[in-house]
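This is what each chain is made of:
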Amino acid sequence: GESPAWFLQVISARLAPLMQSTGFVRGSASIKWYAAVISQLDPPVLEQWMPVLLPPVVLAAEDKSGKVHPAVRDKASEVLTLSRSRVDPMAFAAEYQQVKERQRKAARERKEKASAEAVVNPEL
């Protein structure tokens with residue numbers, strides 16, 4: 001059957017974009033939810049949910065675009081450290097690497113799309 005924790009995925013999907021906003025209140029509320037969930041789940045359960053919970057935290061903690069409010073970025077760094085301390089180090093490292101690889105792939109795809117657009121519309 002379907003996991004009763006489907007709501008974690010739904011809430012995470014709604015809150016993740018708020019961390020990428022420059023506003024402090026929304027980003028702060030979002031990262032606090034991630035901190036609470038990560039601190040409360042039993043480690044084996046947390047490990048299963050890392051693919052859902054870790055990516056937005058990593059994005060916020062390592063933001064270089066200026067989209068994430070500095071206080072939210074700092075809190076996200078703390079939550080990243082908390083995450084690392086609550087699950088098996090190898091499992092954390094593997095999931096972290098997957099997040100970073102997805103980021104690199106998305107950046108490559110954006111760059112390729114921008115290059116293709118420049119060829120089609122050189123005046124842009």
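Residues numbered from 1 in each chain as written. Predicted model: local features only at pLDDT ≥ 70, side-chain atom pairs only at ≥ 80, totals over all residues. Heavy atoms only, no water.

*Asks:* What should I look at first to understand the overall build of the protein in this one?
*Replies:* Tallying secondary structure elements over the protein gives five helices and zero strands in all. When its helices and strands are written in sequence order, the protein yields α-α-α-α-α. C-alpha atoms of the protein, sized along the principal axes, occupy 55 × 30 × 30 Å. Expressed as a percentage of the 124 residues in the protein, the buried residues total 34%. Of the contacts made within the protein by residues no fewer than 6 positions apart, 63% connect residues no fewer than 24 positions apart. As displayed, the protein offers around 7900 Å² of accessible surface, 59% of which is attributable to carbon and sulfur atoms. Each charge sign in the protein was given a centre, from 17 positive and 14 negative side chains, and these centres are 4 Å apart. (Helix = DSSP H or I, 4+ residues; strand = E, 2+ residues; numbered from the N terminus. Buried < 20%, exposed > 50% of the residue type's maximum accessible area, 1.4 Å probe, protein only. Contact = heavy atoms within 4.5 Å. Areas by Shrake-Rupley, 256 points an atom, 1.4 Å probe, with all protein chains shown as cover. Lys, Arg positive; Asp, Glu negative; His and termini not counted. Charge placed at Lys NZ, Arg CZ, Asp CG, Glu CD.)

*Asks:* For this particular structure, what's the right way to read the nonpolar core?
*Replies:* In summary, soluble globular proteins display a tendency toward joint burial of nonpolar side chains. If you look at the biggest cluster of nonpolar residues, it comprises 31 residues, and the most contacted ones within it are I31, Y34, L53 and L54. At the level of secondary structure, the elements contributing two or more residues to this core comprise α1 (6-19), α2 (24-40), α3 (43-61), α4 (70-86) and α5 (89-120). In terms of residue count, the dominant contributor to this core is α3 (10 residues). Those residues within four positions of I31 in sequence are excluded, and the remaining contacts are M19, V57, V72, K75, A76 and V79. (Core = buried A, V, L, I, M, F, W, Y, C linked by side-chain atoms within 4.5 Å.)

*Asks:* I would appreciate a short explanation of the environment of Q40 in the present structure.
*Replies:* Summarising the element assignment, Q40 is placed in helix α2. Relative accessible area serves as the criterion here: at 63%, Q40 is assigned to the exposed category. For Q40 and V87, which are 47 residues apart along the polypeptide, the C-alpha to C-alpha distance reads 12 Å.

*Asks:* Help me out: how do you make sense of a nonpolar patch on the surface in this one?
*Replies:* There is a patch of nonpolar side chains on the surface, built from W6, F7, V10 and I11 and spanning about 360 Å² of accessible area. With respect to the helices and strands, the residue V10 is situated in helix α1. (Patch = residues over 30% accessible without salt bridge, like charges linked within 9 Å, V, L, I, M, F, W, Y side chains within 5 Å. Salt bridge = Lys/Arg side-chain N within 4 Å of Asp/Glu carboxyl O.)

*Asks:* When you look at the pattern of salt bridges in this model, what are you seeing that I'm missing?
*Replies:* When their charged atoms lie close together, side chains carrying opposite charge are able to pair. Counted under the stated rule, the structure contains five salt bridges. A salt bridge links K75 to E78; the nearest nitrogen and oxygen atoms lie 3.6 Å apart. Here K75 pairs with E78, and both are found in helix α4, just three residues apart, close to one helical turn. Assessed through its relative accessible area of 32%, K75 is described here as partly exposed. Linked through salt bridges whose partners overlap, the residues forming this network are E101, R104 and R108.

*Asks:* Whenever I open this one, the confidence of the model for the protein confuses me. Can you help?
*Replies:* When pLDDT is averaged along the protein, the result is 88; 95% of the residues meet or exceed 70. Summarising per-element confidence for the protein, the mean pLDDT is lowest in α1 (79) and highest in α4 (95). (pLDDT = per-residue confidence, 0-100.)

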